[in-house]
Amino acid sequence: MLSEEQFEKEINQIIKIALAEDIGDGDHSSLACIPEDAVGEANLLVKEDGIIAGIDFAQRIFHTVDADIEFTALLKDGDRVKKGDLAFRVKGRSQSILKTERVMLNAMQRMSAIATKTNSFVEVLKPFQTQILDTRKTTPGLRVLEKWAVRIGGGANHRYALYDMIMLKDNHIDFAGGITKAIAKTKAYLKERNLDLKIIVEARDLNEIEEILKSHKDVYRILIDNFNYADTKKAVDIIDKRCLTESSGNITLKTASKYAECGVDFISSGALTHSVYNLDLSLKAVL
């Protein structure tokens, strides 16, 4: 996973790129009609029920644009909100507030949507010992924000990227000549490079579960991919806690509890980040 240093670096990079993209050579709408020394105040208004996310990130954006802006958080990331709530208040140069508005809203609306969807899975899975995981199916360039939002919603992060965990999926297995060969080659690769990375192996059927278990001491988690409920239960029973288990493949809020009932340790869902509708938020001037 990301170190704190790398997390900060990526957050700062997103802010830099987003502001440059939106402001360019100047916010001419504000420059044209708002005096440079004008001071204003605005509230972030919640217009839809959900889980709020991105308040800390919003503060970073405002202070990147203008360190003198007064930022007062009225809620905290992860709070359950309802229509009409106020999340934070900002006070400072009106031009600075307007210059920051859209970048902040774009980030917070998406982060809040992801946190809200993630929390829906968390609530469904409460009776079980199963955790909800995200995937690498994120918006290019925004992964750190989207995975942060998953954590805010109560979910857990899967591997961050290709470099921090080994995940042998169907194509890796087929190109390597089979499961046993793929695991053996991976083990040799890690030893040769002195890398300490966990290994996850995908299984497409019960026979592949059995083959993976021949190397279970080298496998951290088995990905039970696109199995029905009955076969998932059989797979969990066969694995018998020799490895952690993860179910994936078109699992929805309606079906998540059924997979959890099978006893899997994790459920992963790309939909947490790739299929969300922005939570409705608005920045409103205080007159």
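The notes below deal with the structure included here.

Conventions and cut-offs
Residues numbered from 1 in each chain as written. Predicted model: local features only at pLDDT ≥ 70, side-chain atom pairs only at ≥ 80, totals over all residues. Heavy atoms only, no water. Core = buried A, V, L, I, M, F, W, Y, C linked by side-chain atoms within 4.5 Å. Buried < 20%, exposed > 50% of the residue type's maximum accessible area, 1.4 Å probe, protein only. Helix = DSSP H or I, 4+ residues; strand = E, 2+ residues; numbered from the N terminus. Contact = heavy atoms within 4.5 Å. Polar contact = N/O pair within 3.5 Å; in protein donor to acceptor, adjacent residues only side chain to side chain. Pairing = 2+ DSSP bridges. Axes fitted to C-alpha atoms, helices over the stretch in contact; angles between N-to-C directions.

Quick look at the nonpolar core
Here's step 1: The biggest cluster of nonpolar side chains holds 79 residues, and the ones touching the most others in it are Phe57, Phe88, Met104 and Ile222.
Here's step 2: Ranked by the residues each element gives to this core, the list is headed by helix α4 (residues 94–124), at 12 residues.
Here's step 3: If near-sequence neighbours (up to four positions away) are discounted, phenylalanine 57 is found in contact with Ile11, Ile14, Ile15, Ala107, Met111, Leu145 and Trp148.

Re the environment of lysine 147
Here's step 1: In this fold, lysine 147 is placed in helix α5 (residues 143–152).
Here's step 2: Note: C-alpha distance between lysine 147 and methionine 111 (36 residues apart in sequence) is 8.9 Å.
Here's step 3: Those residues in contact with lysine 147 that sit more than four places away from it in its chain are Asp134, Thr135, Asn157, His158, Arg159 and Tyr160.
Here's step 4: Side-chain polar atoms of lysine 147 contact the backbone oxygen of threonine 135, separated by 3.3 Å.

Quick notes on the sheet that holds strand β3 (residues 70–73)
Here's step 1: Strand order in the open sheet made by the 4 strands is β3-β5-β1-β12, with antiparallel pairing throughout. Every other strand in the sheet has two partners, leaving β3 and β12 (281–285) as the edge strands with one partner each. Across the sheet, the axes of successive neighbouring strands diverge by a mean angle of 20 degrees, strand direction being ignored.
Here's step 2: Bridging between strand β1 (residues 39–46) and strand β5 (residues 86–93) involves 6 bridges; their strand directions are antiparallel. Bridge assignment links valine 39 to a residue of β5, and that residue is arginine 93.
Here's step 3: The strands touched by α4 are β1, β5 and β12; relative to β5, the strand with the most contacts, the crossing angle is about 155 degrees.

Some points on the environment of lysine 91
Here's step 1: With respect to the helices and strands, lysine 91 occurs in strand β5.
Here's step 2: Through-space distance from the C-alpha of lysine 91 to that of threonine 72 is 8.6 Å; in sequence the pair is 19 residues apart.
Here's step 3: Beyond its immediate stretch of four places on either side in the chain, lysine 91 contacts Val39, Gly40, Glu41, Asp68, Ile69, Glu70 and Ile97.

Focus on the sheet that holds strand β9 (residues 221–225)
Here's step 1: In spatial order, the strands read β6-β11-β10-β9-β8-β7; together these 6 strands make up an open sheet with parallel pairing. Whereas interior strands pair on both sides, the edge strands pair on one side only; in this sheet they are β6 (131–133) and β7 (166–168). Pairwise comparison of adjacent strand axes, ignoring direction, gives a mean angle of 25 degrees for this sheet.
Here's step 2: Summarising the sheet, β7 and strand β8 (residues 199–203) pair through 3 bridges and their orientation is parallel. By the bridge assignment for β8, leucine 168 is matched with valine 201.
Here's step 3: This element, helix α7 (residues 179–192), spans β7 and β8 of the sheet and lies at about 165 degrees to β7.

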